[in-house]
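# Descriptive analysis of the structure
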Amino acid sequence: MEITVTGRHVAVSERFRRHIEEKLGKVAQLDPRVSRCDVVITHEANPRQAKEAERIEITCHSKRSVIRAEASADEEYAALDVAMTRLGERLRRLHDKRRIHRGRRQPVSVHDATAAISPPPDETPDEAAPLPAHIAKVGGDEDCPIQLREKVHTSTPMGVDQALYEMELVGHDFYLYQDIETGRPSVVYRRRGWSYGVIQLDVSEAPVALADAPA
């Protein structure tokens, strides 16, 4: 399994690299299909965010699946431990889904398969963590308080059920995808409990000019 470690605004020591590789060595036990793990370590220099100064993002590339976990803490080793706990839970969900659907018994829903899994007591939604300092300011203005984070993900058309499953794997409250039946850009999102919603875009042929957009 290939492991890449990247530091943003921080130099990653050789000792910590070896510690990461040792931790990620357990990934193969949970999912032998994982071929690559990308680890990004970000240091937040803002003293007001000292309690979440070290951010760890782990992305595992498995066959037809991407499993992701991230965490922030005041110390890099603590952040890695929390991220690994979240990653382990999501890898187990993936393993359980394969086992359930390949067995002779009737397949069960993602809800039933993951109902017994509870998050760690100190786990908070990934979106609640502060945005890392490397994110560009909107319009390039360093004084602008608005920050814009851009990511491009590779995906294939899928149904709502698969989109919900992928959302559970990455641990987010929403998931963007292209509906395989309608071809529309769509988003599934978590509501309360195990209630979900889906939004689909009916794209018009004529783009709306910025000057004509509603205020």
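Please refer to the structure placed before this passage.
Described in the following lines is the structure provided in the data block. (Residues numbered from 1 in each chain as written. Predicted model: local features only at pLDDT ≥ 70, side-chain atom pairs only at ≥ 80, totals over all residues. Heavy atoms only, no water.)

### Concerning the sheet that holds strand β5 (residues 174–178)
Strands belonging to one sheet form pairs held by backbone hydrogen bonds; the direction of such a pair is parallel or antiparallel. Convention followed: Only strands that DSSP links by at least two bridges are regarded as paired with each other. The numbering of helices and of strands both runs from the N terminus, where a helix is a DSSP run of H or I of at least 4 residues and a strand a run of E of at least 2. Axis definition: a line fitted to C-alpha atoms, over the contacting stretch in the case of helices. Angles run 0 to 180 degrees between N-to-C directions.
If you walk across this open sheet you meet the 3 strands as β5-β6-β7, and the pairing is antiparallel. One side of each edge strand has no neighbouring strand; the edge strands of this open sheet are β5 and β7 (196–200). Going across the sheet, the axis of each strand differs from the next one's by a mean of 20°, ignoring polarity. Pairing between β5 and strand β6 (residues 185–190): 5 bridges, direction antiparallel.

### Structural notes on unusual backbone geometry
For H9, which is not glycine, the phi dihedral falls at a positive 65°. Along the chain, H9 falls in the loop between β1 (2–8) and α1 (14–24).

### Here's the deal with the pairing of strand β4 (residues 65–73)
Where we set the bar: When accessible area is computed with a 1.4 Å probe and restricted to protein chains, residues below 20% of their type maximum are described as buried, those above 50% as exposed, and intermediate ones as partly exposed.
Summarising burial for β4: 7 of the 9 residues are buried, a large majority. Where strand β3 (residues 54–62) folds back on β4, the antiparallel hairpin that results is connected by 2 residues, among which R64 adopts a positive phi of roughly 65°.

### Structural notes on the pattern of salt bridges
Oppositely charged side chains can pair when the atoms bearing their charge come close. Rule in force here: A carboxyl oxygen of Asp or Glu within 4 Å of a side-chain nitrogen of Lys or Arg is what we treat as a salt bridge.
Following the criterion strictly, the structure yields 7 salt bridges and no others. Between K23 and D81 there is a salt bridge, with the nearest N and O atoms lying 3.3 Å from each other. With K23 in helix α1 and D81 in helix α3 (residues 76–102), this pair connects stretches of sequence that are 58 residues apart. Here D81 falls in the partly exposed class, since its relative accessible area comes to 35%. We note a salt bridge from R68 to E57, for which the minimum N-O separation is 3.4 Å. One end of the pair, R68, is in strand β4; the other, E57, is in strand β3, and 11 residues separate them in sequence. The pair formed by R68 and E57 is uniform in burial state, with each residue classed as buried. In the salt-bridge network here, residues are joined through shared partners; they are R55, E57, R68 and E70.

### So, the sheet that holds β4
Pairing is mixed across the open sheet formed by 4 strands, whose spatial order is β1-β2-β3-β4. Of all the strands in the sheet, the pair left with one neighbour each is β1 and β4. Sheet twist, expressed as the mean angle between neighbouring strand axes with direction ignored, is 15°. Pairing between β3 and β4: 9 bridges, direction antiparallel. Among the inter-strand pairings, T59 is bridged to a residue of β4, identified as R68.

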